[in-house]
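As a plain string of letters, each chain reads:
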Amino acid sequence: MKKYLLNCVLFLLPVMLWDGLFTSRLPAAFQPDVFRSHIPVWLQYAENATRILVFALPLFMPLPISKLHRKAGFKIYLAGLALYFAAWIAQIDYPQSPWSQSLWGFMAPAYTPFIWLAGIALMADSFYCKLPYRWFYYLSVSAVFVVLHCWHTWLVWERVG
């Protein structure tokens, strides 16, 4: 049972904690009532379906504790987390800055997850079930999610920016 508790979802916990603690401090455009309004229903469903996959698949990916040769993936993960957190900090602490007001700055919280998700994809090396693991499986699902999330964020930026 213990082996099933040590899975790659542990890498998602800092992100979930961060989002839970700081979402309410983001500017109005990022608050759920504004961010979710006027978004095509099909985009909302597609984004949420891929989000569920991105957050559920790591439950089936054992934590590669014994394989420290996955250092590159861990470094990418940490760099991605740092960039993701920095993107949020820019929006929270400097919402009127030229960066935060620009398309790239506004969308940074939407596209930087691809980096830490890529790190998870590279660190993992198997599934609990008999399916063969390939890093591009998780990375592909993550890429689709990030593209949809960026599209959603771009629509918000177009509306409020």
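Residues numbered from 1 in each chain as written. Predicted model: local features only at pLDDT ≥ 70, side-chain atom pairs only at ≥ 80, totals over all residues. Heavy atoms only, no water.

Engineer: Looking at this model, I keep getting lost on the pattern of salt bridges. Mind explaining?
Structural biologist: Oppositely charged side chains may form a pair once their charged atoms are brought near each other. The tally for this structure, following the rule as stated, stands at two salt bridges. Between Arg25 and Asp93 there is a salt bridge; the shortest N-O distance is 3.9 Å. Placement of the pair is Arg25 in the loop between helix 2 (13–22) and helix 3 (32–35) and Asp93 in helix 5 (residues 71–93), with a sequence separation of 68 residues. With relative accessibility at 46%, the residue Arg25 sits in the partly exposed group. Owing to a relative accessible area of 43%, Asp93 belongs among the partly exposed residues under this scheme. (Salt bridge = Lys/Arg side-chain N within 4 Å of Asp/Glu carboxyl O. Helix = DSSP H or I, 4+ residues; strand = E, 2+ residues; numbered from the N terminus. Buried < 20%, exposed > 50% of the residue type's maximum accessible area, 1.4 Å probe, protein only.)

Engineer: What is the right way to read unusual backbone geometry from this model?
Structural biologist: Where the residue is not glycine, phi is negative for most of them; where a peptide bond is considered, it is trans in most cases. One non-glycine residue, His38, lies in positive phi territory at about 65°. With respect to the helices, strands and loops of the structure, His38 is situated in the loop between helix 3 and helix 4 (41–56). Residue classification places His38 among the exposed residues on the basis of a relative accessible area of 67%.

Engineer: Please clarify how the environment of Gly73 should be interpreted in this entry.
Structural biologist: Turning to its location among the elements, Gly73 is positioned in helix 5. Considering only alpha carbons, one finds Gly73 and Leu139, 66 residues apart in sequence, at a separation of 12 Å. Apart from the residues lying within four places of it in its own chain, the contact partners of Gly73 are Gly119, Leu122 and Met123. (Contact = heavy atoms within 4.5 Å.)

Engineer: Is there a simple way to explain the packing of helix 8 (residues 113–123) against helix 9 (residues 135–160) in this structure?
Structural biologist: When two helices pack together, their arrangement is given by the angle between the helix axes and the distance between those axes. The interhelical angle for the contact between helix 8 and helix 9, taken along N-to-C directions, is 165°, at an axis separation of 8 Å. Accordingly, the angle class assigned to the pair helix 8 and helix 9 is roughly antiparallel. Judged by the sense of rotation from one axis to the other, the crossing of helix 8 with helix 9 is right-handed. Contacts from Phe114, Leu117, Ala118, Ile120, Ala121 and Leu122 of helix 8 reach helix 9 at Trp135, Tyr138, Leu139, Ser142, Ala143, Phe145 and Val146. Across the contact of helix 8 with helix 9, the residue classes break down as 12 nonpolar, one polar and no charged. (Axes fitted to C-alpha atoms, helices over the stretch in contact; angles between N-to-C directions. Parallel < 35°, antiparallel > 145°, perpendicular 65-115°, else oblique. Left-handed = near helix turned anticlockwise from the far one by under 90°. Nonpolar A, V, L, I, M, F, W, Y, C, P; charged D, E, K, R; others polar.)

Engineer: Would you take a moment to explain the environment of Trp99 for this structure?
Structural biologist: In this fold, Trp99 is placed in helix 6 (residues 98–101). Here the alpha-carbon distance between Trp99 and Cys129, two residues 30 residues apart in the chain, equals 44 Å. Once residues lying within four places of it in the same chain are set aside, the contact partners of Trp99 are Ala90, Trp104, Gly105, Phe106, Ala108 and Tyr111.

Engineer: Can you walk me through the nonpolar core in this structure?
Structural biologist: Most often, soluble globular proteins have nonpolar side chains that are buried together. Formed by 40 residues in total, the largest nonpolar core has its most connected members in Met61, Trp116, Leu117, Ile120 and Tyr138. Secondary structure elements with two or more residues in this core: helix 2, helix 4, helix 5, helix 7 (103–111), helix 8 and helix 9. With eight residues, the top contributor of residues to this core is helix 9. Look past the residues within four positions of Leu117 in its chain and what remains in contact with it is Leu12, Val54, Tyr138, Ser142, Phe145 and Val146. (Core = buried A, V, L, I, M, F, W, Y, C linked by side-chain atoms within 4.5 Å.)

Engineer: Explain the side chain of Glu47 to me, please; I cannot follow it from the model alone.
Structural biologist: Here Glu47 shows up in helix 4. On the accessibility criterion, Glu47 (2% relative accessible area) is buried. Polar contacts involving the side chain of Glu47 include one to the side chain of His152, which spans 2.5 Å. In this structure Glu47 touches Phe145, Leu148, His149 and His152, once residues within four positions along its chain are discounted. (Polar contact = N/O pair within 3.5 Å; in protein donor to acceptor, adjacent residues only side chain to side chain.)

Engineer: It is not clear to me how the side chain of His152 should be interpreted in this structure. Could you clarify?
Structural biologist: Mapped onto the elements of the fold, His152 is located in helix 9. Residue His152 is classed as buried on the basis of its relative accessible area of 4%. Not counting residues up to four positions away in its chain, the partners in contact with His152 are Phe35, Arg36, Ile39, Leu43 and Glu47.

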